[in-house]
Amino acid sequence: MELSEQSEPSLGVKIGTVAATFAAGWVAQKLIKVVWEKATGHDAPIDLDADDIPIVQAITFAAVTGGVAVLARRLARQGVTKAVDRRAKNVSVV
């Protein structure tokens, strides 16, 4: 049972994707924080609207965070779909 582009994902795929996305987002957030602090020598911004954060830094942080979020979400969805497809192939129909 492969998940095609036109078919509706099953409930298991939807739930798995949500769980995997939350986990991937949490890991990505921690990774971004560590990398940002190592690269810039400053704490990762919390409030991008704060006046003490330069606009270039706020835009850069927002772009990096958004890009990583999209990547994490796509990888999580692909991983869950592949896992469900592998499991479906291994389960025999009685």
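Here, every reference points to the structure presented above.
These figures come from a predicted structure and were not determined experimentally.

> Give a description of the overall build of the protein chain that names residues and reports values.
The helix and strand inventory of the protein chain stands at two helices and zero strands. The proportion of buried residues among the 94 residues of the protein chain is 16%. Per element, the accessible surface of the protein chain, about 7400 Å² overall, is 63% carbon and sulfur.

> Which residues make up the packing of aromatic side chains, and what values do they have?
Inspection of every chain in the model, using the stated rule, returns one aromatic pair. Ring geometry for Trp36 versus Phe61: centroids 5.0 Å apart, planes at 80 degrees, classification edge-to-face. One end of the pair, Trp36, is in helix H1 (residues 11-40); the other, Phe61, is in helix H2 (residues 55-90), with 25 residues separating them in the sequence. Note on accessibility: Trp36 and Phe61 belong to one class, buried.

> For H1, give the residues involved together with the corresponding values.
The end-to-end C-alpha distance of H1, which contains 30 residues, comes to 42 Å, matching closely the 44 Å that a straight helix rising 1.5 Å per residue would cover. Against the buried residues of H1 lie H2. One or two positions beyond H1, positive phi appears at Gly41, with a value near 80 degrees.

> Account for the pattern of salt bridges, naming residues and giving values.
Under the counting rule described, the total for this entry stands at one salt bridge. Put simply, Lys33 and Glu37 hold a salt bridge, and the shortest N to O gap is 3.3 Å. Note that Lys33 and Glu37 are positioned in helix H1 at a spacing of four residues, about one turn of the helix. According to the relative accessible area criterion, Lys33 is partly exposed, its value standing at 42%. When its relative accessible area of 25% is taken as the criterion, Glu37 is described as partly exposed.

> Lay out a nonpolar patch on the surface with the relevant residues and their values.
Residues Ile55, Val56 and Ile59 make up a contiguous nonpolar surface patch of about 330 Å² in total accessible area. Topologically, Val56 is positioned in helix H2. Accessibility expressed as a relative area gives 61% for Val56, which makes it exposed.

> Give a detailed account of a negative patch on the surface, specifying residues and quantitative values.
A contiguous patch of negative charge on the surface is contributed by Asp47, Asp49, Asp51 and Asp52. Mapping Asp51 onto the fold places it in the loop between H1 and H2.

Thresholds applied
- Residues numbered from 1 in each chain as written.
- Predicted model: local features only at pLDDT ≥ 70, side-chain atom pairs only at ≥ 80, totals over all residues.
- Heavy atoms only, no water.
- Helix = DSSP H or I, 4+ residues; strand = E, 2+ residues; numbered from the N terminus.
- Buried < 20%, exposed > 50% of the residue type's maximum accessible area, 1.4 Å probe, protein only.
- Areas by Shrake-Rupley, 256 points an atom, 1.4 Å probe, with all protein chains shown as cover.
- Phe/Tyr/Trp six-rings, centres within 6.5 Å; stacked < 30°, edge-to-face > 60°.
- Expected span 1.5 Å × (residues − 1).
- Contact = heavy atoms within 4.5 Å.
- Salt bridge = Lys/Arg side-chain N within 4 Å of Asp/Glu carboxyl O.
- Patch = residues over 30% accessible without salt bridge, like charges linked within 9 Å, V, L, I, M, F, W, Y side chains within 5 Å.
- Lys, Arg positive; Asp, Glu negative; His and termini not counted.
- Charge placed at Lys NZ, Arg CZ, Asp CG, Glu CD.

As far as function goes, none of this settles anything; it's purely spatial.
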